[in-house]
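One letter stands for each residue in the lines below.
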Amino acid sequence: MDSSELLRKVRKIEIKAKGLSQNVFAGEYHSAFKGRGMTFSEVREYQYGDDVRDIDWNVTARNNHPYVKVYEEERELTVMLLVDVSGSKDFGAVGTSKHEMMTEVAATLAFSAIENNDKVGVIFFSDKIEKFIPPKKGRKHILLVIRELLDFHPESHGTNLSRALEFLTSAIKRHCTAFLISDFIDDNDYYKAMSIANSKHDLIAVQVYDKREASLPNVGLMRVYDAETGSERWINTSSKQVRQSFDRWWYKRQMAMGETLRRSRVDLASIATDEDYVKSLMGLFKRRAVTH
């Protein structure tokens, strides 16, 4: 797309995502993604009910009166967005395309992070690491991220979730909150890489899918094209057996993904391209605020 069209799209996404982050997600985001650890803030006079372990004995000795140390949560986080840019992202039959949905979700999470004074970084991946944007703060940085989300062109078309997770584990040294945004169409086993990544960081899976990937319509002969391998074929959707076989493939793939996430202790938000992603993210935030 040309520069003027790109700027219009960036501005449109900025207005929507910023509005959601300020007005809808503000409290939920803060509650769902807490800081890690506590940092010293000040000392004050001891009050009835204070924990005696917090007494500052040096200050107490100098003043002949008990004083306690006061701590506050280390609120600043680093948020990493792992965004799937493989060939299947361009599919869109019901609602918007997966790419557009992933872009809006990622932009909304990015603005929510910035509103909470968190750093944001991005890893674009296919079956390799396509681009790494180190975490930073500020509106200028977020607008750069959104431009890349809208107009990034990958070199490869396959998908390898393990590679993205391994890169996250090695590249980001300090604990971060990481959102893995993908359709999760990956035949490789990514359990080990996901478990290791989630043991070091706080990993959340965001699946974006098109409902036409879950079931075939009964429309007779249909030509299907695999954007990741380049292969194409004709299938007869009038056949009940063909449609049922496709349904089973989708079900088994979803069950395998769910089992991998469960074993890795990774939370999931699953978003269809014709649904309101706000509800899914709100549900994720509220669940985490209760369980974490």
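Residues numbered from 1 in each chain as written. Predicted model: local features only at pLDDT ≥ 70, side-chain atom pairs only at ≥ 80, totals over all residues. Heavy atoms only, no water.

Quick look at helix H4 (residues 98-115)
Residue pairs spaced three or four apart in an α-helix point in one direction, given the helix's 3.6 residues per turn. The terminal C-alpha atoms of H4 lie 26 Å apart, and with 18 residues this matches the ideal 26 Å at 1.5 Å per residue to within 8%. Taken across its 18 residues, H4 has 15 buried, putting it largely inside the fold. Asn-117, located one to two residues past H4, shows a positive phi value of around 65°. (Helix = DSSP H or I, 4+ residues; strand = E, 2+ residues; numbered from the N terminus. Expected span 1.5 Å × (residues − 1). Buried < 20%, exposed > 50% of the residue type's maximum accessible area, 1.4 Å probe, protein only.)

Some thoughts on the side chain of Asn-198
Structurally, the position occupied by Asn-198 is in helix H7 (residues 191-200). Its relative accessible area of 16% is what places Asn-198 among the buried residues. A polar contact is formed between the side chain of Asn-198 and the backbone oxygen of Ser-264, at a distance of 2.9 Å. Not counting the four nearest positions on each side in its chain, Asn-198 is found in contact with Leu-203, Ser-264, Arg-265 and Val-266. (Polar contact = N/O pair within 3.5 Å; in protein donor to acceptor, adjacent residues only side chain to side chain. Contact = heavy atoms within 4.5 Å.)

Let's talk about the confidence of the model for the chain
Detailed reading of the predicted model is not advised wherever pLDDT is low. The predicted model of the chain has a mean per-residue pLDDT of 84, with 86% of residues at 70 or higher. Per-element averaging of pLDDT across the chain places helix H2 (residues 26-32) at the bottom with 65 and helix H6 (residues 161-171) at the top with 97. (pLDDT = per-residue confidence, 0-100.)

Description of the side chain of Thr-159
Structurally, Thr-159 can be placed in the loop between helix H5 (139-151) and H6. In terms of polar contacts, Thr-159 uses its side chain to reach the side chain of Ser-86, at 3.0 Å.

Quick word on the nonpolar core
In summary, soluble globular proteins display a tendency toward joint burial of nonpolar side chains. In terms of nonpolar packing, the biggest core is built from 43 residues, with Leu-81, Val-105, Ile-146, Phe-179 and Ile-181 touching the most fellow members. With 10 residues, the top contributor of residues to this core is H4. Not counting residues up to four positions away in its chain, the partners in contact with Leu-81 are Ala-106, Leu-109, Ala-110, Val-120, Gly-121, Val-122, Ile-123, Phe-179 and Ile-181. If you look at the next biggest cluster of nonpolar residues, it comprises 22 residues, including Met-80, Leu-165, Cys-176 and Val-266. (Core = buried A, V, L, I, M, F, W, Y, C linked by side-chain atoms within 4.5 Å.)

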